[in-house]
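Residue-level structure breakdown
Below, each chain spelled out in residue letters.
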Amino acid sequence: IQPEAPSPIAAPLRELPWAQLNFLHTTDIHGWWGGHLQEASFSADWGDYVSFAKHLRDKADADGSDLLLIDTGDRVEGNAIYDSSKPRGKFTYEIAKEQSIDLISSGNHELYKANTAEGEFFHTVPDFKGNYLASNLDIYNPVSGKLEPLAPRFKKFTTKNQGIRILAFGFIFDFTGNANNTVVQRVEDTVKEEWFKESLKDKDLDLIIVFGHVDIRSNEYKLLFSNIRSSQRDTPIQFFGGHSHIRDYKIFDSKSVALESGRYMETLGFMSIDGLSTGGTKKHAPVSQKSKIAFSRRYIDNNLYSLRHHSNKDEKTFPTDHGENVSKAIGDARKSLGLGERYGCAPQDYWVSRRPYPHRESIFTWIENQLLPQSIGKSKRIKNGGKALVITNTGAIRFDIFKGAFTKDTKFLISPFTSGIRYVKDVPYKAASQVLKLLNNEGPIMLELMENNAFLQPPEVFAARYRPHIFSSPDRIYSTPFEKHAQAPMAADEEPKPFPGYTTQDDAGEDGDDTVHERIEFYNVPNCIQSTVGFQQNDFYEPDTVDLMYNEFIQQWILLALEYVGHNYTSDDTESFAHGKSFTDIMTDWVEEHWSTKEETCL
Ligand SMILES: Nc1ccn([C@@H]2O[C@H](COP(=O)(O)O)[C@@H](O)[C@H]2O)c(=O)n1
């Protein structure tokens, strides 16, 4: 645990359903190696995970069962430890490789920029040699220039204790936003490949694992399931997914299920299978002689109260030397990056999706009404009487702002990306004012986004397209007041009481979370929000033209929307605002100017 992390809090827990074959699954870590330093529920760090996995491995060795660790990508971008280091990712690879991961794959964030994909090639792939799989991902070898698989396409192996013979594939969804040094092959094309069909002819298998950076309810996994099932009629198939940042579990058929394990080191997904055949040479008799296959899942809140409980350890016996060294290395990296540097004090909480939009506690309402108008309003063009519409995608904002200190750490949690703001000058207002609607409503742009597997909302919100039940209904707004610090210390004889946190509903019911929590509200937000800048309250007439400004990440969709309303602009018609200053820096400057750093407002 990091020295500044809040202490773990006692809570009612559900046990881990330990079985013949067990898994720990992480996904979408996005650089949160240090855990959450403002939330007790998720305050354990990567070093604690190293200790936890060691205890569970020992347990498996002691009772003759097996444990496998899986990570399904998006390890980078989203936390100061990755994004504020120079070069970006300087500490990430060294920290990640301290965990012994059995199956690992790439996410889309490893591929947005060419040098991040090269980071995989030069670091993560060799660090996890033999365990990194890339079933549908190629890279132009940075040394030879030749296109080649980033890592092996598949792997067959036998588990250490039970002798379970496993065939594993590591996929990424049909991502189209990658830099041009990688090639993602669509899943529908990959399943037609000879190597894939050939690998499925193997009759000496006890289990197939499909893991990857893929929403477990996506068309890609649907297709993989039907394809594999048609040649392996009876073999159990275990899927692990990611990308949508949520906890979820899907049942495909009586012998096939899928687990997705959240985001940002909040969740350690636990999965177990009983009743598998064991065709390999096994060192131990099967743990249980169940003839029927049985799957179980648990989503572990990543904090020391949970981790100690599930490993049957206490404060003294839980930390291993290895784990403590990893925690120290994370702490040293954080210190060297100066992440405690304070830019201001947030006067209140601002939420991504715990409040509806618009709302005075919505982070998007703050950006729309204060941050963007006040920052862009200072520009010469606006001061000289110009007007602008400024559009940004909600998915660019990655996390909530908590009342109190806004530090260098906070800056990158909220907005880790390097994108600046660009604009098209003097766009006819009639056209410019239709763009937001086109980006947000069902229609041609939305169809294009879907076809490109691109999205502009936060991933958790986008996940609702397959799971509408995750949204709160608007009339629940204040029915369960959220109190961040509701976790009162317990008296020694008191039973732990539930406090707000994850309350997951999945295909197996509502008992998946290891910690019994009270529900937190979750609201929809649009693809994009828009600020109007330079308009006066008493403006009577519409302007003829405005500057149409936008987060550069969404340029292709802005230009497409303009084309749809009859105005063809190309990227040559666009200019960068403030010499390409990133949105992240624009936000930080605003915070420095408007939110006092005085100690007493930071309590
Ligand atoms: N440079 C970037 C990269 C991504 N986004 C937005 O992030 C969302 C996707 O996040 P995942 O972690 O699920 O890959 C999506 O809304 C993108 O629009 C961005 O704004 N800038």
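Where an unreviewed UniProt entry is consulted, the protein appears under the name Ser/Thr protein phosphatase-like protein family, with the organism given as Cucurbitaria berberidis CBS 394.84.

**What about the overall build of the protein?**
Check the secondary structure of the protein and you find 17 helices and 23 strands. Relative to the globule expectation of 25 Å for 603 residues, the C-alpha radius of gyration of the protein, 25 Å, shows essentially globular dimensions. Summarising its shape, the C-alpha atoms of the protein cover approximately 80 × 65 × 50 Å along the three principal directions. Expressed as a percentage of the 603 residues in the protein, the buried residues total 49%. Across the protein, contacts joining residues at least 24 apart in sequence account for 79% of those joining residues at least 6 apart.

**Structural notes on helix α17 (residues 583–594)**
Look at α17: 16 Å from first C-alpha to last across 12 residues, which is about the 16 Å you get at 1.5 Å a residue. Considered for burial, the residues of α17 that qualify are Phe-583, Thr-584, Met-587, Thr-588 and Val-591. The buried residues of α17 occupy an angular sector of 135° when the element is viewed end-on, so they sit on one face. Here the buried face of α17 lies against β15 (342–346), α10 (363–376), β17 (404–407), α12 (408–414), β18 (421–428) and β22 (545–551).

**A few points about the nonpolar core**
Counting residues in each nonpolar core, the largest one holds 154 residues, and the members touching the most others are Val-210, Ile-363, Val-435, Leu-548, Met-549 and Ile-558. Residues from two domains meet in this core; each of domain 1 (21–336) and domain 2 (342–458 + 525–602) gives at least three. Leave out the neighbours within four places in its chain, and Val-435 touches Ile-391, Leu-548, Ile-558, Ala-561 and Leu-562.

**A look at the site of the ligand**
Within the structure, the ligand sits among 15 residues, and Gly-395, Ala-396, Phe-417, Pro-459 and Phe-553 are positioned closest to it. In terms of residue class, the shell around the ligand is made up of seven nonpolar, seven polar and one charged. Two domains share the shell around the ligand, each providing at least three of its residues, namely domain 1 (21–336) and domain 2 (342–458 + 525–602).

**Describing the sheet that holds strand β13 (residues 267–274)**
One open sheet accounts for five strands, arranged β3-β2-β1-β13-β14; its pairing is mixed. For this open sheet the edge positions go to β3 (103–104) and β14 (294–301), each flanked by a neighbour on one side alone. When strand β1 (residues 21–26) meets β13, the two strands line up antiparallel, connected through five bridges. Within β13, the position partnered with Leu-24 by the bridge is Phe-270.

**Some remarks on the domain arrangement of the protein**
Domain annotation of the protein identifies domain 1 (21–336) and domain 2 (342–458 + 525–602). Each partner contributes to the interface: domain 1 provides 12 residues, whereas domain 2 provides 11 residues. Looking at the side of domain 1 that touches domain 2 residue by residue, the class counts come to three nonpolar, six polar and three charged.

**Brief notes about the environment of Gly-275**
Counting through the fold element by element, Gly-275 comes out in the loop between β13 and β14. Look at Gly-275 and you get partly exposed, because 18 C-beta atoms sit within 10 Å. As for Gly-275 and Ala-333, which are separated by 58 residues in sequence, their C-alpha atoms are 44 Å apart.

**Quick look at the environment of Lys-192**
Structurally, Lys-192 can be placed in the loop between α5 (187–190) and α6 (194–199). The class for Lys-192 is exposed, based on 11 C-beta atoms found within 10 Å.

**Concerning the environment of Gly-420**
Tracing the chain through its elements places Gly-420 in the loop between α12 and β18. Sequence separation between Gly-420 and Ser-582 is 162 residues; the distance between their C-alpha atoms is 3.9 Å. Not counting residues up to four positions away in its chain, the partners in contact with Gly-420 are Glu-552, Ser-576, Phe-577, Gly-580, Lys-581, Ser-582 and Phe-583.

**Digging into the sheet that holds strand β11 (residues 247–253)**
Sheet architecture is open: six strands sit in the order β6-β7-β9-β10-β12-β11, paired in mixed fashion. The sheet is open, and its two borders are formed by β6 (154–158) and β11, each paired with just one other strand. Strand-to-strand twist in this sheet, taken as the mean axis angle between neighbours without regard to direction, amounts to 20°. Bridge count for β6 against strand β7 (residues 165–172) is five bridges, and the pairing is antiparallel. The residue of β7 that forms the bridge with Thr-158 is Arg-165.

**A few points about the packing of helix α13 (residues 429–440) against helix α16 (residues 555–564)**
With their axes 9 Å apart at the nearest point, α13 and α16 run at an angle of 115° to one another. Note that α13 runs across α16; the crossing there is right-handed. Between α13 and α16, the contacting residues are Ala-431, Val-435, Leu-438 and Leu-439 on the first element and Trp-557, Ile-558, Ala-561, Leu-562 and Tyr-564 on the second. Per-class residue counts for the contact of α13 with α16 are nine nonpolar, no polar and no charged.

**Points about the confidence of the model for the protein**
Low pLDDT means the predicted coordinates in that region are not meant to be read closely. Looking at the protein as a whole, its pLDDT mean stands at 94, while 95% of the residues score no less than 70. Low pLDDT (under 50) marks residues 478–490, which in the prediction has 13 contacts with non-local residues, meaning those over four places away or in another chain. Two summary scores accompany this predicted model of the complex, namely pTM at 0.95 and ipTM at 0.98.

Basis of the calculations
- Residues numbered from 1 in each chain as written.
- Predicted model: local features only at pLDDT ≥ 70, side-chain atom pairs only at ≥ 80, totals over all residues.
- Helix = DSSP H or I, 4+ residues; strand = E, 2+ residues; numbered from the N terminus.
- Rg over C-alpha atoms; globule rule 2.2 N^0.38 Å.
- Buried ≥ 20, exposed ≤ 12 C-beta atoms within 10 Å, placed from the backbone.
- Contact = placed C-beta atoms within 7 Å.
- Expected span 1.5 Å × (residues − 1).
- Arc of directions from axis to C-beta.
- Core = buried A, V, L, I, M, F, W, Y, C linked by C-beta atoms within 7 Å.
- Domains from an automatic or database assignment.
- Near = placed C-beta within 6 Å.
- Nonpolar A, V, L, I, M, F, W, Y, C, P; charged D, E, K, R; others polar.
- Pairing = 2+ DSSP bridges.
- Axes fitted to C-alpha atoms, helices over the stretch in contact; angles between N-to-C directions.
- Left-handed = near helix turned anticlockwise from the far one by under 90°.
- pLDDT = per-residue confidence, 0-100.

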